[in-house]
Amino acid sequence: MSILERIRERAAANPQHIVLPEGNDPRTVRAAAACSQRRLARITLLGDEETIRGIAQNEGLSLGGVAVIDHRRAPDFEKLVSLFHDLRRAKGMLNDEARTALNDPLYYGNLLVRSGQADGSVAGATNTTSHTVRAALHCLGVRPGFKLVSSFFLMALPDHSFGNDGALIFADCGVVIEPTAAELAEIAVASADSCRALLGAEPRVAMLSFSTKGSAKHKLVDKVVEATRTVRARAPELEIDGELQVDAALIASVAESKAPGSSVAGRANVLIFPDLQSGNIAYKLTERLAGATAIGPILQGLDRPANDLSRGCKAEDIVDAVAITAVQAQARKAAG
């Protein structure tokens, strides 16, 4: 069973309520129908009801079990306007500005999550990543104890000797361009939690660099060393090591010579890259040259689950994002 199949199975075992704000898009309607049919989640579609029903009819889709809401006419619209105004008042937002913001279904959908009426949201099929992340951040905020929203890719490799049965977490490959040492530490802690939630495994975190254990001296190496030290102070129970070159992180024979005695080297399942350039390049190289499946970017660090899609996504990609968001919601509830 692939990692995605396991995630879908876990989602179906305890269905969560997921909002899809881009209901006027045919891919989103197809995904909603598929999620409902497979019982992966309870789905609410936001958009023009006539448009959504028309798409379903034209494509022969059943929306049985899917709630369809035109958010601009929803009975709780003004209530959520007040909620959003309260959230953003300290930033200088006026009530009329909050009302204008909620005309955007991404804001309304994330406020359903914020108010506990839904467990997570998935968007980005028709919106940019920056807009999708901004709406989630403004409505949901960051997790207690965190200051940063970041992202990761779930990489599924054909060679199951790596990571956790071929699955690894790569972070951050999509959001934080040039993290400071403190931000890199936060990305590592969040990614460790994501490993537990999605892989169902204890994280073994490698803080990556072009140096292993002082083999090179440079301020870029110092940043990774400082971030590793910060994580150890913040989460002493976490298995983490750095700085490590990627071969030392993944290959036992290399680890024996470059990082003897390390509990992470040679067996890492979470790879933390020093910046977005290296992370983005690495996941695409792994995808293209190693034949890996790259699932993401998946957001982390928000107080409640919300995820972004590529605008080039297919309906099945949206289904997978719903399943991942549902499992994140399950993990959040389990953590209390």
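Preceding block: the structure.
Each value, and the rule that gives it
Residues numbered from 1 in each chain as written. Predicted model: local features only at pLDDT ≥ 70, side-chain atom pairs only at ≥ 80, totals over all residues. Heavy atoms only, no water. Helix = DSSP H or I, 4+ residues; strand = E, 2+ residues; numbered from the N terminus. Rg over C-alpha atoms; globule rule 2.2 N^0.38 Å. Buried < 20%, exposed > 50% of the residue type's maximum accessible area, 1.4 Å probe, protein only. Patch = residues over 30% accessible without salt bridge, like charges linked within 9 Å, V, L, I, M, F, W, Y side chains within 5 Å. Areas by Shrake-Rupley, 256 points an atom, 1.4 Å probe, with all protein chains shown as cover. Salt bridge = Lys/Arg side-chain N within 4 Å of Asp/Glu carboxyl O. Axes fitted to C-alpha atoms, helices over the stretch in contact; angles between N-to-C directions. Parallel < 35°, antiparallel > 145°, perpendicular 65-115°, else oblique. Left-handed = near helix turned anticlockwise from the far one by under 90°. Contact = heavy atoms within 4.5 Å. Nonpolar A, V, L, I, M, F, W, Y, C, P; charged D, E, K, R; others polar. Polar contact = N/O pair within 3.5 Å; in protein donor to acceptor, adjacent residues only side chain to side chain. Pairing = 2+ DSSP bridges. Phe/Tyr/Trp six-rings, centres within 6.5 Å; stacked < 30°, edge-to-face > 60°. Lys NZ or Arg CZ within 6 Å of the ring centre and 35° of its normal.

1. Section: the overall build of the chain
Then, number 1: Looking only at helices and strands, one finds 13 helices and eleven strands in the chain.
Then, number 2: Relative to the 2.2 N^0.38 estimate, which gives 20 Å for 336 residues, the radius of gyration of the chain is 21 Å and therefore close to what a compact globule would have.
Then, number 3: Dimensions of the chain, computed from the C-alpha atoms along their principal axes, are close to 65 × 45 × 35 Å.
Then, number 4: The burial tally for the chain puts 55% of its 336 residues in the buried class.

2. Comments concerning a nonpolar patch on the surface
Then, number 1: Residues Ile281, Leu285 and Leu289 make up a contiguous nonpolar surface patch of roughly 340 Å² in combined accessible area.
Then, number 2: Among the structural elements, Leu289 can be located in helix 12 (residues 276-289).

3. Focus on the packing of helix 1 (residues 3-13) against helix 13 (residues 315-334)
Then, number 1: Here helix 1 crosses helix 13 at 60°, and the two axes come no closer than 9 Å. What the angle tells us is that helix 1 and helix 13 run oblique. In this structure, the crossing between helix 1 and helix 13 has a hand that is left-handed. Here helix 1 contributes Leu4, Ile7, Arg8, Arg10 and Ala11 to the contact with helix 13, which in turn contributes Glu316, Asp320, Ala323, Ile324, Ala326, Val327 and Gln330.
Then, number 2: Its residues assigned to classes, the contact of helix 1 with helix 13 comprises seven nonpolar, one polar and four charged.

4. Quick word on the environment of Glu239
Then, number 1: Topologically, Glu239 is positioned in strand 8 (residues 239-244).
Then, number 2: In this structure the C-alpha to C-alpha distance between Glu239 and Leu46, which are 193 residues apart in sequence, comes to 42 Å.
Then, number 3: Among the polar contacts listed, one links the side chain of Glu239 to the side chain of Ser263, at a separation of 3.0 Å.

5. A few points about the pairing of strand 5 (residues 150-156)
Then, number 1: Within strand 5, seven of the seven residues are buried, leaving the element largely enclosed by the surrounding structure.
Then, number 2: In strand 5, alternate side chains face the same way, and those of Ser150, Phe152, Leu154 and Ala156 on one face and Ser151, Phe153 and Met155 on the other are all buried.
Then, number 3: Sheet topology note: the strand 5/strand 10 (residues 293-300) ladder contains six bridges and is antiparallel. Opposite Ala156, over in strand 10, you have Thr293 as the bridge partner.
Then, number 4: Across five bridges, strand 5 lies against strand 6 (residues 167-171) in antiparallel orientation. When the bridges of strand 6 are listed, Phe153 appears paired with Phe170.

6. Thoughts on the sheet that holds strand 3 (residues 67-69)
Within a sheet, each strand pairs with its neighbour through backbone hydrogen bonds, oriented either parallel or antiparallel.
Then, number 1: Taken together, the five strands give an open sheet; going across it, the order is 3-2-1-4-11, and neighbouring strands pair in parallel fashion. Each having just a single partner strand, strand 3 and strand 11 (306-308) make up the two edges of the open sheet. Across this sheet, the average inter-strand angle for adjacent strands is 20°, counted without regard to direction.
Then, number 2: Here strand 4 (residues 120-123) pairs with strand 11 via three bridges, running parallel. The partner of Val122 across the bridge, within strand 11, is Asn307.
Then, number 3: The strands that helix 2 (residues 26-38) touches are strand 1 (16-20) and strand 2 (41-46); relative to strand 2, the one it contacts most, it runs at about 155°.
Then, number 4: Sheet contacts for helix 7 (residues 129-140): strand 4 and strand 11; angle to strand 11, the most-contacted strand, approximately 170°.

7. A closer look at the packing of aromatic side chains
Then, number 1: A complete count under the given rule lists three aromatic pairs for this structure.
Then, number 2: For the ring pair Phe84 and Tyr107, a centre distance of 5.5 Å and an interplane angle of 65° mean the geometry is edge-to-face. Of this pair, Phe84 sits in helix 4 (residues 77-88) while Tyr107 sits in helix 6 (residues 105-114), placing them 23 residues apart in sequence. Exposure class is identical for Phe84 and Tyr107. Each is buried.
Then, number 3: Note that Arg234 overlies the ring of Phe146, its terminal NZ or CZ placed 4.7 Å from the centroid.

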